[in-house]
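Structural features, examined
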Amino acid sequence: KVEGELQKICDTILGLLDGTLIGKASGGESKVFYQKMKADYYRYLAEFQDGAAKEKAAEIAESAYAEAAAVAEKDLAVTHPIRLGLALNYSVFLYEVQTKPDEACKMARTAFEDAIAELDNVAE
């Protein structure tokens, strides 16, 4: 029952993201935010589904995280909260869904170290 409710909620949100929000996003910040959100919801699906449905959700999540990361790298500072949140969530996906702990830790560590290196240059 809970899984059915979660599926319905995720489908509703993903429909809104794919049908409206992602297409209307104009700046780098909003593009990264909505792609990250799409990836997160597919990650949620991949965490409770099995078989082909799990694989498909994981594949779409991976693609959305990668697209968000590419835009973030180009348009957002390494200290930007949305970019840092993306790195955290993408690393959780790699660890939990893809079972790639080394890759997950490397991604999180790199994001953290890059942000720390630029911390003195961040305006309050």
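Here the structure is shown first, and the text comes after it.
Residues numbered from 1 in each chain as written. Predicted model: local features only at pLDDT ≥ 70, side-chain atom pairs only at ≥ 80, totals over all residues. Heavy atoms only, no water.

With that settled, consider the overall build of the chain. Along the backbone of the chain there are five helices and zero strands. In the chain, the order of α-helices and β-strands from amino to carboxyl end is α-α-α-α-α. The C-alpha atoms of the chain give a radius of gyration of 15 Å, which matches the 14 Å a tight globule of 124 residues would have. Over its C-alpha atoms, taken along the principal directions, the chain stretches across nearly 50 × 35 × 20 Å. For the chain, contacts bridging at least 24 residues in sequence account for 62% of all contacts bridging at least 6. If the 14 positive side-chain charges of the chain are averaged to one point and the 22 negative ones to another, these points end up 5 Å apart. (Helix = DSSP H or I, 4+ residues; strand = E, 2+ residues; numbered from the N terminus. Rg over C-alpha atoms; globule rule 2.2 N^0.38 Å. Contact = heavy atoms within 4.5 Å. Lys, Arg positive; Asp, Glu negative; His and termini not counted. Charge placed at Lys NZ, Arg CZ, Asp CG, Glu CD.)

Counted under the stated rule, the structure contains five salt bridges. Salt-bridge contacts for Asp40 lead to Lys36; the nearest nitrogen and oxygen are separated by 2.9 Å. On the criterion of helical spacing, the pair formed by Asp40 and Lys36 is a turn pair, its members being four residues apart in helix 2 (residues 28-48). For the pair Asp40 and Lys36, a shared accessibility class is recorded, and that class is buried. Look at the salt bridges and you will find they share partners, linking Lys36, Asp40, Arg43 and Glu47 into a network. (Salt bridge = Lys/Arg side-chain N within 4 Å of Asp/Glu carboxyl O. Buried < 20%, exposed > 50% of the residue type's maximum accessible area, 1.4 Å probe, protein only.)

This part covers a negative patch on the surface. Together, Glu113, Asp114, Glu118 and Asp120 give the surface a local cluster of negative charge. If you trace the backbone, Asp120 turns up in the segment after helix 5 (101-118). Judged by its relative accessible area of 76%, Asp120 falls in the exposed class. (Patch = residues over 30% accessible without salt bridge, like charges linked within 9 Å, V, L, I, M, F, W, Y side chains within 5 Å. Areas by Shrake-Rupley, 256 points an atom, 1.4 Å probe, with all protein chains shown as cover.)

Attention shifts here to the nonpolar core. Counting 26 residues, the largest nonpolar core has Leu14, Val32, Tyr42, Leu45, Tyr65, Leu86 and Phe93 as the members making the most contacts within it. With eight residues, the top contributor of residues to this core is helix 3 (residues 51-75). Discounting chain neighbours no more than four positions away, the residues touching Leu45 are Gln7, Cys10, Leu14 and Ala57. (Core = buried A, V, L, I, M, F, W, Y, C linked by side-chain atoms within 4.5 Å.)

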